[in-house]
Each structure stands twice: as structure tokens, then as C-alpha cells.
There are 2 protein chains.
Amino acid sequence: MTAAKPRAVGRGRPSKAKGLDLKETILDAAEGLFARHGFHGVTTRQVAAEAGVDTALIHYYFGAKRELFDAVFVRRAEILNQAREASMNAYVAAHDAATMTVEGVIEAFIDPLLRISQDGGPGWKSYFALVAQVNNTPAWGGETMARFFDPVVHQLVETLKTVRPQAEYRDLYWCYQFLTGSMMLSLSETGRIDSLSEGECHSSDLEAVRQRLFAYCAAGFEAVIAKHAKA
Amino acid sequence: MTAAKPRAVGRGRPSKAKGLDLKETILDAAEGLFARHGFHGVTTRQVAAEAGVDTALIHYYFGAKRELFDAVFVRRAEILNQAREASMNAYVAAHDAATMTVEGVIEAFIDPLLRISQDGGPGWKSYFALVAQVNNTPAWGGETMARFFDPVVHQLVETLKTVRPQAEYRDLYWCYQFLTGSMMLSLSETGRIDSLSEGECHSSDLEAVRQRLFAYCAAGFEAVIAKHAKA
DNA sequence: GTCTATAGCTTGATAGAC
DNA sequence: GTCTATCAAGCTATAGAC
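About the thresholds
Residues numbered from 1 in each chain as written. Chains lettered and ligands numbered in written order. Predicted model: local features only at pLDDT ≥ 70, side-chain atom pairs only at ≥ 80, totals over all residues. Heavy atoms only, no water. Helix = DSSP H or I, 4+ residues; strand = E, 2+ residues; numbered from the N terminus. Buried < 20%, exposed > 50% of the residue type's maximum accessible area, 1.4 Å probe, protein only. Contact = heavy atoms within 4.5 Å. Areas by Shrake-Rupley, 256 points an atom, 1.4 Å probe, with all protein chains shown as cover. Near = heavy atom within 4 Å. Polar contact = N/O pair within 3.5 Å; in protein donor to acceptor, adjacent residues only side chain to side chain. Salt bridge = Lys/Arg side-chain N within 4 Å of Asp/Glu carboxyl O. Axes fitted to C-alpha atoms, helices over the stretch in contact; angles between N-to-C directions. Parallel < 35°, antiparallel > 145°, perpendicular 65-115°, else oblique. Left-handed = near helix turned anticlockwise from the far one by under 90°. Nonpolar A, V, L, I, M, F, W, Y, C, P; charged D, E, K, R; others polar. Least-squares fit on C-alpha atoms with pLDDT ≥ 70 in both. Expected span 1.5 Å × (residues − 1). Bend = angle between axes of the 7 residues up to and from the residue. Buried area = accessible area lost by both parts, 1.4 Å probe. pLDDT = per-residue confidence, 0-100.

**Here we look at the overall build of chain A**
Within chain A, the regular secondary structure consists of ten helices and zero strands. Per-residue burial for chain A yields a buried fraction of 53% across its 231 residues. A fraction of 69% describes how many contacts in chain A between residues 6 or more apart in sequence connect residues 24 or more apart. Carbon together with sulfur atoms contributes 55% to the accessible area of chain A, which is approximately 10,000 Å² in total.

**Here's the deal with the protein's contact with DNA strand D**
By nearness alone, 16 residues border DNA strand D, and D54 and Y61 of chain A together with T44, R45 and K65 of chain B come closest of all. Looking at DNA strand D alone, sugar and phosphate atoms form 58% of those within 4 Å of the protein. Contact distances for DNA strand D include 3.4 Å between a base oxygen and a side-chain N or O atom of R45 of chain B. K65 of chain B places a polar main-chain atom, nitrogen or oxygen, 2.9 Å from a phosphate oxygen of DNA strand D. Of all the secondary structure elements, the ones that give two or more residues to the surface near DNA strand D are α3 (55-62) of chain A together with α2 (44-51) and α3 (55-62) of chain B. Here the element with the most residues in the surface near DNA strand D is α3 of chain A; it accounts for four residues.

**Here we look at the pattern of salt bridges**
Evaluated as defined, the whole model comprises 30 salt bridges over all chains. Two residues, R170 of chain B and E200 of chain A, come together in a salt bridge whose shortest N-O distance is 3.8 Å. Of this pair, R170 of chain B sits in helix α8 (residues 169-188) while E200 of chain A is found in the loop between α9 (192-196) and α10 (206-230), placing the two residues in two different chains. Under the relative-accessibility criterion, E200 of chain A is labelled partly exposed at 38%. Here R75 of chain B makes a salt bridge to E24 of chain B, at a shortest N to O gap of 2.9 Å. With a gap of 51 residues between them, R75 of chain B in helix α4 (residues 65-94) and E24 of chain B in helix α1 (residues 19-37) connect regions that are remote in the sequence. Judged by relative accessible area, R75 of chain B falls into the buried class, the value being 19%. Using a relative accessible area of 36% as the deciding quantity, one classes E24 of chain B as partly exposed.

**A look at the packing of α8 of chain B against helix α10 (residues 206-230) of chain B**
All names here are of chain B. Between α8 and α10, whose axes approach to 10 Å, the crossing angle comes to 165°. When the interaxial angle is binned, α8 and α10 end up roughly antiparallel. As for the relative orientation of α8 and α10, their crossing is right-handed in sense. The residues of α10 that touch α8, namely those facing D171, L172, C175, Y176, L179, S182, M183 and S186, are L206, V209, L213, C217, G220, F221, V224, I225 and H228. Among the residues making up the contact of α8 with α10, the classes are represented as twelve nonpolar, four polar and one charged.

**Looking at the side chain of T144 of chain B**
Residue and element names in this part refer to chain B. Among the secondary structure elements, T144 is positioned in helix α7 (residues 141-163). By relative accessible area, which is 3% here, T144 ends up buried. The contact partners of T144, leaving out residues within four places of it in the chain, are F73 and V134.

**Things to note about the relation of the copies chain A and chain B**
Screw-axis analysis of chain A against chain B gives a translation of 0.0 Å along the axis, an RMSD of 0.0 Å, and a rotation angle of 180°. Accordingly, the operation relating the two chain copies is best matched by a two-fold axis. Rotation axis and chain A: the residue whose C-alpha lies nearest the axis is G181 of chain A, separated from it by 2.2 Å. Interface overlap between copies: 100% of the residues of chain A at the interface are likewise at the interface in chain B, consistent with a symmetric, same-surface contact.

**Brief notes about α10 of chain B**
Compared with an ideal rise of 1.5 Å per residue, which puts 25 residues at 36 Å, α10 of chain B spans 36 Å between its outermost C-alpha atoms and is within 8% of the ideal. Taking the largest bend as the criterion, α10 of chain B deviates by roughly 30°, centred on R212 of chain B.

**Some words on the interface of chain A and chain B**
In this assembly, 62 residues from chain A lie in contact with 62 residues from chain B. Approximately 5,600 Å² of surface area, both sides summed, lies buried where chain A meets chain B, with 63% of it carried by carbon and sulfur atoms. Our count for the contact surface shared by chain A and chain B stands at six salt bridges. Of the charged contacts, one joins D150 of chain A and R192 of chain B as a salt bridge, the two residues approaching to 3.0 Å between their closest N and O atoms. Counting every contact that joins chain A to chain B gives 15 residue pairs in polar contact (both at pLDDT 80 or more). Looking at which element gives the most residues to the side of chain A that touches chain B, the answer is helix α8 (residues 169-188) of chain A, with 16 residues.

**Quick notes on α8 of chain B**
All names here are of chain B. Over its 20 residues, α8 extends 28 Å from the first C-alpha to the last, a length consistent with the 28 Å expected when each residue adds 1.5 Å. Burial analysis of α8 places 18 of its 20 residues in the buried class, which makes it a mostly covered element. Two residues or fewer after α8 comes E189, characterised by a positive phi angle close to 45°.

**Remarks on unusual backbone geometry**
With a phi angle near 50°, E189 of chain A is a residue other than glycine that sits in the positive phi range. By the element assignment, E189 of chain A lies in the loop between α8 and α9.

**A few points about the confidence of the model for chain A**
Confidence along chain A averages 92 in pLDDT terms, with 91% of residues attaining 70 or more. Note on residues 1-16 of chain A: pLDDT under 50 across the span, and 18 contacts to partners over four residues away in sequence or across chains.

Written out as C-alpha cells, the structure is:
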């Protein structure tokens, strides 16, 4: 079923491959499998088979299975954080208080992820599906997400606070939760909207997401802020 | 850690317990464990220990492990669907075309779930966490969600279409995806917003969700519909 | 219906040859 | 660095006593 053909690695014979390439190959294989089946749904043997290497090598490079998972999660997290931070800094630098909008800030926060998913190749698709799963994992998901992604979220909230100073932090945090739920489900491309809409929509169509999600979230934020302000 | 004390069942000695009670006890135990750790993260032995019954009984009542999981998933799905269908029918019956609003329809769709989660006890909390996980599972989540929850979603979309006839189905389906991402993440109460907001918000505070989510989603729908109408 | 006992695999991880 | 071989533990599932 998932018994894909073992992938050859590096140049020439496998035994000539460099350790560094092999590490990346193992991470790629683990990433795809963890994204589809979750941590417990994957065995180290499956990862080895998918990567075309021996089981023992996985433990040689990464140690225990959980450490392999963490290595997968860490690998792209920093890239993501830097892209988002740069995007939001650029937006703030390009605007003054008068021209900044809630939608603009939200777009600067979300768009890097959509763009990376569209242009980054299949590894990134798997990674987003993985993060979406972790995001909804009660046992250790909240803590893991916090460890890697809290700083950039605080940057978002603070920037929104400068755009709407009358907004309460409570409202901004709740709205962020709504936003991240929508964003992560869209990025994970589960295919549910395809069958639900009977072909009208495709979860792989991130351009359609881009055309709607920013406006949707921005209007949501504004409505919640306005509701609380008048109360 | 999760080695909770085996729960006694029924009246008097365990051996006197009725089979029906035992089945429910096993389902309760399985529900809580699957919700926290996912399908592959739970063993039938753990379920048996948590329920205070023997491993063999689980297979006697439910067959294979996957069938146990399906039984857990099915048990509350129908109750949920009936509550939501009734809520939406009641809303439509109580209003005419002039007084129906997008926010009213959305509230009729979401509020039953919030209410059940608030009043239904810990079993329902686990169930929502479970559904949230399935919702974000690429491998078989989309198909499973579709099998159990598509009809009531179509009812939502059709009702919204009567309230906003100029809206395109494409937009309604995409907005539904955004809505369900927010709703499911809120219902799963992962605790992330607690640490993120440094105590300002608590994921268990569904009253706070109620005060914001309906308005948030309704404004999002309206914004996307309006954007497309003028384009 | 419920328990004991166990069959038959698969798992994560390692020791040691090359 | 990479592979062969293997271990101890844990897994699902069942057969059969009561």
C-alpha cells in the first residue's frame, strides 16, 4: 500500500552517499509518513523502507523515534518563523499608522505560508499537514506549537493592537485561535472540501484560499472588536 | 500517567454487571484514550485497563480494534446531527426571509455543539477532541467526516443560500471550511490559548467562544460574499 | 458472559561484523 | 558509515475453560 519504491540517494552507488544527504533523505521520508499517519501510526521500519536505508541507520543518526519526529518538526519551523517575521516587518516598514489595516497585517502573517506551500514542493505540503495535526493534538500539541510558534504570534497580536488600540487582548487572542484553525485546516489540504462541494472546490487550490481567507479573517476580527467596543 | 484506576461498573460485583453497561463502559474508556492519543497511540490493553475489564472482552464485544474506534465515532454522531438539524429547522421555522440573518443561521448550526459540550459531561469533551483530530487527519479523516457529517453541512449551505441568494456556492463552501476549522479547534480545547494569552483566555471557556465565534464567522461570510459580488 | 492462557507477529533498539 | 542479525518487549487476536 504505502510500500513505495526505495529511493536511491546521492550519486553513484548508495554506499558512496554522504551522511548529510542520507540524513535529509531520512527526514523527507519520515516527514511524509508522519504527516499522513501521525507519530504512532508510523514505524521506524516504514521510514527506513521509504528512505531506502537500513533500520539501524535511523537510530544511528537520530536516536529514538521521538527524536526523529522532533528533528522533522524543527527542520522547517525556523524557516517558517523567519519568513513570517520578515513579511510582517516589511509590512510595518512600508506603512504608517494611517495606512495599516487589519487585513494587511493578517495577509502579511498568513501569505508567507501559502506561498511556501505553493512553491516549496511536496515536502512542505507534508510539513503543513503535520503541523495541522499537531495543532489539534490534545496530549502534547498545544505545548509543541507554543514552543515553536508563539513568538511570531505575539508579534501578530502586538501589531494588530497598534492598528486597533481600542481592541482588548482577550478578543485578539480568541480571534487568533479562530484564524489559526481556518488557516491550518486549509494548509493541510485534507480533500474534504472536494467531495463536500461535489467538485466545485479543491483543497489543493491555495489561490482560492488566498482570495478569501484574508478578507474572511479580517472581517471577523473587526466584527469582534466592534462588538466588544460598543458593549 | 494515564494509568487511571479501573472503574467499577454497574451495581454489586463486577461479574454481575450487564453486558450493555459493560459495552458503554468500554466505549467511554476508548473514547477518552483515542481522543488524547489518536487511534494508533492507544492499545486495546490500555482500553481494557481503563475500563476495568479484560482484554478479551473488547474483542468479544467489538471485534477488531478499528471496529471499536468506529463504534466510538458512531455513537454520538447521530445525536449531534439530530441536534443540529433540529436547531436549524427551528430557526428557519421561527423566521421569514426578511428576518433571517447569516449570523442567525450560523449560530443555529454551531450553538448546539457548544451547548452539548458545556452540559454533556466529560464524554462529550473527549468526543469533540476526537472529531477535531479526525477532521485534520489527511489519510482517512476527510472521508470519515464526509460519511457522518455531510448532510447537515449541506443543509447549512442551502439555508445560507436562501438568505444570500446572490452568493456563489464556491464561496459558501470555502467559508464553511474556514468556519469548521475555527469551530473544531475551539471545541477540542487543546489549552494552547491558555499559555499563548498568558492566562487571559482559557480554552475551556466556551461561553467566551460563543460570544465571539458567531459574529466572527458571520462577518467573514458576508465579507467574502460581498467581495465576490462586486468583482 | 467473563476470564486464563497463549499463539503469532511486529515493534523499537542495539551489538558487532565489515 | 553501513549492514546483518537479533533481542526483549509489547502488540492484536483467539481458543478454550468456567
